[in-house]
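# A look at the structure
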Amino acid sequence: FICQIVLSKTGLPTLTYGTERIKQLIHIEEQESSSATALLNNSDQSLTELDLRGYDCAISWGAVTTSGNETSATAPLMVISQERPSSPGVLTCLLVMAGHFNLMKEDKASASYEGASDATDTVKTRFNAVAGSTLAPFTHCRVYTVTWDSEDSLVNTFAPKDSFEIAEKESRYNVLKKLLGWTKCVMRIGADGAIHIFVPTIE
């Protein structure tokens, strides 16, 4: 198999590392979290002066086929830590990455919030506001695109009114889960980095 890491940050050159650079890659994807650690070869010291913290990371896995290298991208992560462990004659760079849901668990509401008793905002409207960082307690957070792949009958008709509350320092992830709790929808992070909402098929 083959793997590839693409690191990008606004205003800076995109960096691509393949199996010739990656010494070890541990990537764990779960329903509500994802993480990865990558040990990169730094024998040429090209990574020594780079600060990769805050870079978006796209990991792709694949195989060498008769048509060439074929890979499939996974949900993106962000580099949250960088170390340069070394031993005599061996120079490496260790990157620790966290998924978007993990990052949203660290986004804390700057103040408490309570919906008005006559508010007409639906679950969908509230969800878009929290994810898009336009609702007051989360305007300091990163903006996420929301893609509604499928919807149930409640998400765009039910208005939580004053039942919708946010406690100060409550995580943004918890608020999004709470909103979807009024519906039959679930969420996941797509390879495009967006939060995808859909009604799961249950048998």
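Let us look at the structure shown here. (Residues numbered from 1 in each chain as written. Predicted model: local features only at pLDDT ≥ 70, side-chain atom pairs only at ≥ 80, totals over all residues. Heavy atoms only, no water.)

### Remarks on the pattern of salt bridges
Within this structure, the stated rule accounts for eight salt bridges. A salt bridge links Asp-56 to Arg-142; its shortest N-O distance comes to 3.1 Å. In this pair, Asp-56 sits in strand β5 (residues 56-65) while Arg-142 sits in the loop between α2 (123-131) and β11 (146-148), placing the two residues 86 residues apart along the sequence. A residue is classified by how much of its surface remains accessible, and Arg-142, at 31% relative accessible area, is partly exposed. (Salt bridge = Lys/Arg side-chain N within 4 Å of Asp/Glu carboxyl O. Helix = DSSP H or I, 4+ residues; strand = E, 2+ residues; numbered from the N terminus. Buried < 20%, exposed > 50% of the residue type's maximum accessible area, 1.4 Å probe, protein only.)

### Considering the nonpolar core
By size, the foremost hydrophobic cluster in this structure holds 31 residues, and its most contacted members are Met-104, Phe-127, Val-130, Met-187, Ile-195 and Ile-197. Apart from residues lying up to four places away in sequence, Phe-127 is in contact with Val-146, Trp-148, Leu-176, Leu-179, Leu-180, Met-187, Ile-195 and Ile-197. Counting residues in hydrophobic clusters, the runner-up holds 20 residues, among them Ile-5, Tyr-17, Ile-22 and Leu-95. (Core = buried A, V, L, I, M, F, W, Y, C linked by side-chain atoms within 4.5 Å. Contact = heavy atoms within 4.5 Å.)

### Regarding α2
Summarising burial for α2: seven of the nine residues are buried, a large majority. Among all positions in α2, only Val-123, Lys-124, Arg-126, Phe-127, Ala-129, Val-130 and Ala-131 are buried. Each element contacted by the buried residues of α2 is listed here: β10 (113-114), β11, α3 (172-180), β13 (186-189) and β14 (195-198). Note on α2: the residue one or two positions beyond its end, Ser-133, has a positive phi of about 60 degrees.

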